[in-house]
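# Examination of the molecular architecture
Listed here are the chains, written in short residue letters.
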Amino acid sequence: MSITATLFGQMITFGLLVWFTMNFVWPPLMQALEERKKKIADGLAAGEKGKHELELADKKAKSFLKEAKDQAADIVNLAQKRANDLADEKREAAKQEGERIKAAAEADIERAIQQAKEELRKQVAVLAISAAGQILRREVDINKHKEIINSLGNQLGQV
Amino acid sequence: MASAEHETGGATGYIVHHLTDLKIGEGFWTFNLDTLFFAGLLGFIFVLVFKKAAESATSGVPGPLQNFVEMIVEFVDTQVKDSFHGRSALIAPLALTIFCWVFLMNAMDLLPVDLLPGIASLFGIKYLRVVPSTDLNETFAMSISVFGLIIFYSIKVKGPIGFAKEMLLTPFGPWMIPFNLLLKLVEELAKPISLGLRLFGNMYAGELIFILIALLPWWVQPALSFPWAVFHILIITLQAFIFMVLTVVYLSLAHEDH
């Protein structure tokens, strides 16, 4: 058991091994490890980003849904209001129509009454004149008393 | 013990046989072929497997091999990032190489002690030590290399003057320069020595226990070798881990400017 030249042989072997490892083994392995590390980090980041985006989309979808609901409610309200308005309008129109018909009917009645009155008056005047004529036949000369009869007729017409 | 002839058999012979390297050369210029071969082979396997994983590395869904390799790489990378705060293209791959290579060499310990030497003897190879990290040459080769890096980075980061100042003026100021230098030298030298000896001691002791267990009657062996092997799974990983972490810590200290 002594130190011999084997030592040098071993040192050379050792040196060669270290040199080889340093140049051909370590760098590619380290590179692969680094690349994988980066890949994993990228993947995790992408996952995180995807999650974030999902959250964002979720929020957006919710806001859209809310907006749509609001809009739907608005539309329903509007429709209801419109329906009410329409009903009101119809009612109003019907009322006006009724009133118009009523007014027309009243006017008709009024006219009929006037007509009847006129008729009556004329008949009364004729009656009165004929009555007066019969009473006064002998004494009254139509031509002489024409003025009186006319004024009488006019006075009757004013009643 | 390495030089003795031990064809004598018996317990001592068996142990010594298992702790003798297959070597060529004389004196200092001896090469432990088994250490060189197994360390090289295991290093080659490590590089091959990791290279294959690195080539087919994808940032998509990883296959089983890539998963396994990435687990180790991430583990080492975390350790390095925890203790080393500078920027360096070398430290992390160095730590990975140390961890995996030491682990594989230690793991040879879990093979039955007679398996590979037995097979080798069929081919006429007398001695074979299959665990490279039980060879001081192997552990010191690594720790001295690391020590060289420590010195290199100390000088590179602090500059030659800064490094000299640190060696001479800390911890007791300019009036104690020789004492400071002595203290610093011991401190620095203790790093590679403790690093190398710790690994060697642990693996050598572990291997020795396996050899001792192998000397017992066959019906006792499983009861002892199984728990020891299970325990050793922890030891081999732990030793590889300690070697790696200490290397990173030492290099991180070398990068720090006081």
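Basis of the calculations
Each chain carries its own residue numbering, running from 1 in the written order of its sequence. Chains and ligands are labelled sequentially in the order written, the chains with letters from A and the ligands with numbers from 1. In keeping with the model being predicted, local features are shown solely for residues with a pLDDT of at least 70 and side-chain atom pairs are shown and tallied solely at 80 or more, while totals for entire chains, interfaces and linings include all residues. As a convention, hydrogens and water are excluded, and side-chain values are obtained from all of the structure's heavy atoms. By definition, any uninterrupted DSSP run of H or I lasting at least four residues is a helix, any uninterrupted run of E lasting at least two residues is a strand, and each is numbered from the N terminus. Here the globule rule is a power law, 2.2 Å times the number of residues to the power 0.38, and the radius of gyration is based on C-alpha atoms. Burial classes follow relative accessibility: with a 1.4 Å probe on protein chains only, a residue under 20% of its type's maximum area counts as buried, one over 50% as exposed, and anything between as partly exposed. Surface accessibility in these figures is a Shrake-Rupley result with a 1.4 Å probe; residues are shielded only by whichever protein chains are displayed. By the convention used here, residues are in contact when the closest approach between their heavy atoms is within 4.5 Å. Summed over both partners, the accessible area lost on bringing two parts together, with a 1.4 Å probe, is the buried area. Between Lys or Arg on one side and Asp or Glu on the other, a salt bridge is scored when a side-chain nitrogen of the former is within 4 Å of a carboxyl oxygen of the latter. Any N or O atom pair separated by 3.5 Å or less is treated as a polar contact, with the protein-specific requirement of one donor-capable and one acceptor-capable atom, and with residues adjacent in sequence counted only for side-chain atom pairs. UniProt positions are given in the numbering used here, feature names are shortened, and annotations may be inferred rather than shown by experiment. The length a helix should cover is 1.5 Å for every residue beyond the first. To get an axis, a line is fitted to the C-alpha atoms, and for a helix only the part in contact is used. The angle between two axes follows their N-to-C directions and goes from 0 to 180 degrees. Reported orientations rely on four angle classes, namely roughly parallel under 35 degrees, roughly antiparallel over 145, roughly perpendicular from 65 to 115, and oblique for the rest. Two helices crossing with the near one rotated counterclockwise from the far one by less than a right angle form a left-handed crossing, whereas a clockwise rotation gives a right-handed crossing. Only Asp, Glu, Lys and Arg are considered charged, only Ala, Val, Leu, Ile, Met, Phe, Trp, Tyr, Cys and Pro nonpolar, and every remaining residue, Gly among them, polar. The term bend refers to the angle at a residue between two fitted axes, each drawn through seven residues, those ending there and those starting there. Classification of ring pairs uses Phe, Tyr and Trp, with its six-membered ring standing for Trp, and accepts pairs whose centres are within 6.5 Å; under 30 degrees between planes counts as stacked, over 60 as edge-to-face, and the remaining range as tilted. Per-residue confidence from the predictor is given as pLDDT, running between 0 and 100.

### Remarks on the overall build of chain A
- For chain A, the count of helices and strands is two helices and zero strands.
- Relative to the compact-globule value of 15 Å for 159 residues, chain A shows a C-alpha radius of gyration of 61 Å, a clear excess of over 25%.
- When the backbone C-alpha atoms are referred to their principal axes, chain A occupies close to 195 × 25 × 15 Å.
- Looking at chain A as a whole, 13% of its 159 residues qualify as buried.
- Carbon and sulfur atoms provide 61% of the accessible area of chain A, an area that totals close to 12900 Å².

### Considering the interface of chain B and chain A
- Between chain B and chain A, the contact holds 53 residues from the first and 29 residues from the second.
- Counting the surface lost from both chain B and chain A, the interface buries some 3600 Å², and carbon and sulfur atoms represent 76% of this.
- Of all residues in chain B, Phe28, Ser59 and Asn137 of chain B bury the most surface against chain A, accounting for 17% of the area lost on that side.
- Where chain B meets chain A, there are one salt bridge.
- For Glu70 of chain B, the salt bridge identified is with Arg36 of chain A, shortest N-O distance 2.8 Å.
- Counting every contact that joins chain B to chain A gives 14 residue pairs in polar contact (both at pLDDT 80 or more).

### Focus: the UniProt feature "transmembrane region" (unreviewed entry) in chain B
Residues and elements named next belong to chain B.
- Look at the UniProt record and you will see "transmembrane region" (unreviewed entry) annotated at residues 28–50, 88–104, 140–156, 199–220 and 226–253.
- Split by type, residues 140–156 is 100% helix and 0% strand. Its first and last C-alpha atoms lie 23 Å apart.
- Split by type, residues 226–253 is 100% helix and 0% strand. Its first and last C-alpha atoms lie 40 Å apart.

### Let's talk about helix H4 (residues 91–107) of chain B
- For H4 of chain B, which comprises 17 residues, the first-to-last C-alpha distance of 24 Å matches the rise-based estimate of 24 Å (1.5 Å per residue) to within 8%.
- Along H4 of chain B, 14 of the 17 residues are buried, which leaves the element largely enclosed by surrounding structure.

### Regarding the packing of H4 of chain B against helix H8 (residues 221–255) of chain B
All names here are of chain B.
- Packing of H4 against H8 leaves a shortest axis separation of 8 Å and a crossing angle of 155°. Taken together, the axes of H4 and H8 lie roughly antiparallel to each other. Like other packed secondary-structure pairs, H4 and H8 cross with a definite hand, here right-handed. Across the interface between the two elements, Ile91, Leu94, Ala95, Ile98, Phe99, Val102, Phe103, Asn106 and Ala107 from H4 touch Ile236, Thr237, Gln239, Ala240, Phe241, Phe243, Met244, Thr247, Val248, Leu251 and His255 from H8.

### Let's talk about the packing of helix H3 (residues 64–83) of chain B against H8 of chain B
Residue and element names in this part refer to chain B.
- H8 packs onto H3 with a crossing angle of 35° between their chain directions and a minimal axis gap of 9 Å. The way H3 lies across H8 gives a crossing that is right-handed. On H8, the residues that touch Phe75, Val76, Gln79, Val80 and Ser83 of H3 are Phe241, Met244, Val245, Val248, Val249 and Ser252.
- For the contact of H3 with H8, a count of residues per class yields eight nonpolar, three polar and no charged.

### Focus on the environment of Ala93 of chain A
- Structurally, Ala93 of chain A is set in helix H1 (residues 6–136).
- Considered as a pair, Ala93 of chain A and Glu34 of chain A are 59 residues apart in the sequence and their alpha carbons are 86 Å apart.

### Some points on the pattern of salt bridges
- Scanning all chains against the criterion turns up 15 salt bridges over all chains.
- Among the charged side chains, a network of salt bridges with common partners joins Lys158, Glu166, Lys184 and Glu187 of chain B.

### Thoughts on helix H7 (residues 177–215) of chain B
- Taking 1.5 Å per residue as the helical rise, H7 of chain B with its 39 residues ought to reach 57 Å, and the 55 Å between its terminal C-alpha atoms agrees with that figure.
- Bending of H7 of chain B peaks at approximately 30° at the position of Ala190 of chain B, with proline Pro192 of chain B no more than four residues after it.

### Comments concerning the packing of aromatic side chains
Residues and elements named next belong to chain B.
- Summed over the entire model, instances satisfying the criterion amount to 16 aromatic pairs over all chains.
- Between Phe172 and Phe179 the ring centres are 5.8 Å apart and the planes differ by 20°, which places this aromatic pair in the stacked class.
- In this structure Phe172 comes out as partly exposed when scored by relative accessible area, which is 46%.
- On the accessibility criterion, Phe179 (38% relative accessible area) is partly exposed.
- Judged by centre distance (5.1 Å) and plane angle (35°), the ring pair of Phe200 and Tyr204 falls under tilted. Pair noted here: Phe200 and Tyr204 are both in helix H7, with a separation of four residues, about one helical turn.
- Given a relative accessible area of 15%, Tyr204 falls into the buried group.

### Some remarks on the UniProt feature "coiled-coil region" (unreviewed entry) in chain A
- Here the UniProt feature "coiled-coil region" (unreviewed entry) sits at residues 76–122 of chain A.
- For residues 76–122 of chain A, helix accounts for 100% and strand for 0%, while the C-alpha atoms at its two ends are 67 Å apart.

### A few points about the confidence of the model for chain B
Residue and element names in this part refer to chain B.
- Of all residues in chain B, 96% attain a pLDDT of 70 or more, and the chain-wide mean is 87.
- Confidence over residues 1–7 falls short of pLDDT 50; this stretch has twelve contacts with residues more than four positions distant or in other chains.
- As scored by the predictor, the complex reaches a pTM of 0.73 and an ipTM of 0.83.

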